[in-house]
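Structural description and commentary
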Amino acid sequence: MTTTPMVDIRGVHKFFGELHVLKGIDLQVQRGEVCVVLGPSGSGKSTLIRCINELEQISAGRLYVDGELMGLREEDGTLYRLSDEQIAKQRERVGMVFQRFNLFPHMTARENVMEAPRQVRGLRKDEAAKLADEQLARVGLSDRADHYPAQLSGGQQQRVAIARALAMEPELMLFDEPTSALDPELVGEVLGVMQELAASGMTMIVVTHEVGFAREVGDQVVFMDDGVIVERGEPRQVIDSPREQRTKDFFDKVL
Amino acid sequence: MQRPELIDARPVPRPSLWIWAGIVVLVAAAFIYDLFTNGNYRWDVVADHLFDPRVLSAVVWTLILTVGAMVLGITMAVTMAVMRMSTNPILRGVAWAYIWFFRGTPIFTQLIFWGLFVVLWPTITLGIPFGPELFSVDSNVFYTPALFAIIGLGLNEGAYLSEIVRAGLNSVDKGQWEAATALGMKRSKTLWRIVMPQAMRVIVPPTGNETISMLKTTSLVLAVPVSLELQFVTNAIGNKAFLPIPLLIVAAIWYLFITSVLMVFQSRLERYYGKGFDDSEADRGKVKGMSKRQQAILASGTVHDDPNLEVTP
Ligand SMILES: Nc1ncnc2c1ncn2[C@@H]1O[C@H](COP(=O)(O)OP(=O)(O)O)[C@@H](O)[C@H]1O
Ligand SMILES: [Mg+2]
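Residues numbered from 1 in each chain as written. Chains lettered and ligands numbered in written order. Predicted model: local features only at pLDDT ≥ 70, side-chain atom pairs only at ≥ 80, totals over all residues. Heavy atoms only, no water.

1. Section: the overall build of chain A
Looking only at helices and strands, chain A has 9 helices and 12 strands in total. Rg of the C-alpha trace for chain A: 18 Å, near the compact-globule value of 18 Å for 255 residues, within the 12% margin. For chain A, the C-alpha atoms occupy an extent of roughly 50 × 50 × 40 Å along the three principal directions. Counting only residues that meet the buried cut, chain A has 57% of its 255 residues in that class. Sequence separation of 24 or more characterises 64% of the internal contacts of chain A that already satisfy a separation of 6 or more. (Helix = DSSP H or I, 4+ residues; strand = E, 2+ residues; numbered from the N terminus. Rg over C-alpha atoms; globule rule 2.2 N^0.38 Å. Buried < 20%, exposed > 50% of the residue type's maximum accessible area, 1.4 Å probe, protein only. Contact = heavy atoms within 4.5 Å.)

2. A look at the side chain of R91(A)
Topologically, R91(A) is positioned in helix α2 (residues 84-91). The charged side chain of R91(A) is buried without a salt bridge, its nearest counter-charge being E54(A) at 5.5 Å. Within the structure, the side chain of R91(A) is placed 2.8 Å from the backbone oxygen of N53(A), a separation counted as a polar contact. Once you skip the residues sitting within four places of it in the chain, R91(A) turns out to touch N53(A), E54(A), L55(A), T181(B), A182(B) and G184(B). (Lys, Arg positive; Asp, Glu negative; His and termini not counted. Salt bridge = Lys/Arg side-chain N within 4 Å of Asp/Glu carboxyl O. Polar contact = N/O pair within 3.5 Å; in protein donor to acceptor, adjacent residues only side chain to side chain.)

3. Quick word on the confidence of the model for chain B
Residue and element names in this part refer to chain B. Per-residue confidence for chain B gives a mean pLDDT of 85, with 87% of residues at or over 70. Ignoring residues within four places in sequence, the model shows residues 278-313, a span with pLDDT below 50, making 26 contacts including any to other chains. Interface confidence for the predicted complex, expressed as ipTM, amounts to 0.93; the pTM equals 0.82. (pLDDT = per-residue confidence, 0-100.)

4. Side note on unusual backbone geometry
Of note, the bond from V224(B) into P225(B) is cis; its omega dihedral lies within 30 degrees of zero at 10°. You can see P225(B) is positioned in the loop between α9 (187-217) and α10 (230-240).

5. Digging into the nonpolar core
Judged by nonpolar contacts, the single largest core of 51 residues is most densely connected at I162(A), M173(A), F175(A), M194(A) and M204(A). With sequence-adjacent residues up to four places away left out, I162(A) is seen in contact with V97(A), V139(A), M173(A), F175(A), V190(A), V193(A) and M194(A). If you look at the next biggest cluster of nonpolar residues, it comprises 41 residues, including L65(B), A95(B), L153(B) and V195(B). (Core = buried A, V, L, I, M, F, W, Y, C linked by side-chain atoms within 4.5 Å.)

6. A look at the layout of surface pockets
Reported here for the second largest pocket is a volume of approximately 1,100 Å³. Lining the second largest pocket are 34 residues, and of these E54(A), D84(A), R91(A), T181(B) and R187(B) lie nearest its centre. Secondary-structure elements contributing two or more residues to the lining of the second largest pocket are α1 (45-52) and α2 of chain A together with α3 (53-84), α8 (174-182) and α9 of chain B. Looking at the lining of the second largest pocket, the element that brings in the most residues is α2(A), giving 5 residues. Here the residues of the lining of the second largest pocket sort into 16 nonpolar, 7 polar and 11 charged. (1 Å grid on protein atoms, 1.4 Å probe; cavity = no way out; pocket = protein on both sides within 12 Å on 5 of 7 lines; lining within 4 Å. Points joined across faces, edges and corners; volume = space filled by probe spheres on them. Nonpolar A, V, L, I, M, F, W, Y, C, P; charged D, E, K, R; others polar.)

7. A few points about the sheet that holds strand β12 (residues 228-233) of chain A
Residue and element names in this part refer to chain A. Spatial strand order, β8-β9-β10-β3-β11-β12: 6 strands in an open sheet with mixed pairing. Each edge of the open sheet is held by one strand with a lone partner, namely β8 (94-97) and β12. When strand polarity is set aside, the average angle formed by the axes of neighbouring strands in this sheet is 15°. Its contacts with the sheet place helix α5 (residues 154-166) against β8 and β9 (172-176), and it is angled at close to 170° to β8. (Pairing = 2+ DSSP bridges. Axes fitted to C-alpha atoms, helices over the stretch in contact; angles between N-to-C directions.)

8. What about helix α2 (residues 43-50) of chain B?
Residue and element names in this part refer to chain B. For α2, every residue scored as buried is listed here: V45, V46, H49 and L50. Projected down its long axis, α2 shows its buried positions confined to an angular sector of 130°, all on one face. The exposed residues of α2 that point more than 90 degrees off its buried face are A47 and D48. Residues of α2 that are buried in the fold lie against α3, α10 and α11 (244-273). (Arc of directions from axis to C-beta.)

9. Quick notes on the site of ligand 1
Residues and elements named next belong to chain A. Around ligand 1, the structure places F16, L19, V21, P40, S41, G42, S43, G44, K45, S46 and T47. In the environment of ligand 1, an oxygen atom lies 3.0 Å from a nitrogen or oxygen atom belonging to the backbone of G44. K45 has a polar side-chain atom sitting 2.8 Å from an oxygen atom of ligand 1. Protein chains shield 59% of the accessible area of ligand 1, which is 550 Å² for the free molecule. Put simply, the parts of the chain that give the shell around ligand 1 at least two residues each are β2 (19-29) and α1. With 3 residues, the top contributor of residues to the shell around ligand 1 is α1. For the shell around ligand 1, a count of residues per class yields 4 nonpolar, 6 polar and 1 charged. (Near = heavy atom within 4 Å. Areas by Shrake-Rupley, 256 points an atom, 1.4 Å probe, with all protein chains shown as cover.)

Spelled out as structure tokens, the structure:
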């Protein structure tokens, strides 16, 4: 029996004007799998995961999440763009965590987590508050629920951001360098939360420079350079004994 | 440990400071002396007219015009600012044309025009241009000078405020849009719940100034003509009694009083919209608490991201 992959990317290209940023990406991520994307800056990692939840529109190819074509509808060989509402609906199943947290600064941690369940899923205030407290407990921040983002450390802010994404009960979580903006001593707490999330069976695509995390938590490691996937496979194989020279050069530098 | 001896040095002498202070005190004293001794002020007339029913009614009308025009102005401004950010080129064009027209002509001209509304369009007809007429109404049915004064002031104000609103919306980090979008929130929800409350911080101070300015601009509605507001009424009373100066003082006192109340209100609003942005104790000296300007400096890569980088291996 074959199961539909959680994410199925086929021949995806992305242009920004003349700039060719993704040059034919093929990638499958199975349900429950953690896929870690590594690669030098500017190689198109962020663009790739932003395409998955349609923050960017792909220029060519097809992108499926849980078997559903993203952003488009195909009928009798003709493609139709989906409306903003339909795209928003598709995004509900995909959570995203950003490098710079992007918490809503005018709301407390609890209000940040409550916002989308209230506004998108239409939960009542008490239901949303209960859900928010559960999610904040999950990332170990029950005692910070009433703090504003500016009153939290970077690591705490990122954990609130993770709780906020989880509150929409997504089937897939995307992480774009979640620890790159953090002071070194705060990286561990965020990676810890992500590791627990992976252990709970969440499907995750993680762009990161944390090679240790890739090795420990990743089921699949993808190495990208200059808009293409250069190499993919078992974390230990890709990181410790890469087949491609470009991959080898990259890990020689970062390790 | 022994306490070090603290530096207790004399400040640099600044004789020019004392000279200027002396001049200011002299001028102020002369002015106050004049207020008390110059009989032309006629403070008795000022006192008699400060709470004159005609003056009070004019104060109320001035407030109605100000509030009405600002409500319309803010509504137009937000609409136009949102339209200018739209992906639809027609909406963007309409917003651009509105701002171009209402900023490009004097408010006085516009007010005269609104006064001539009935002359220009004696009837308002709903129908298809060059085609059949569906519905028609005599303009005199709804024309009231005060209403058209509010429309005139409000549309003019909207053009100015829309630039302020746009600057406010642009000041909000793009990441806020993205975070809300990624959560599945619609554009309108994101605008009203996420972006606008943060933009308010930039929008409120100039809008407060615009409101105070509007309070005084209402005196131009005699162009419509509307003769109910404070400047016109006090001037009329003063001219009739051959006492223009004390009545001008009455008007000035009321304008100053209302302006002062507005300023208190404005500073409350500013404080309210600053919430969540203030640096907390724990936050001091870290990137998150920094001003936008500092963040921009950091992002430009001209300074070290981490000031501790050199000392912590
Ligand atoms: N919105 C955009 N408009 C134009 N160019 C962009 C945009 N976003 C990213 N790029 C360009 O695409 C390339 C890949 O960027 P990105 O996906 O952010 O790489 P990475 O995350 O691997 O560092 C870079 O050259 C970047 O300048
Ligand atoms: Mg990136």
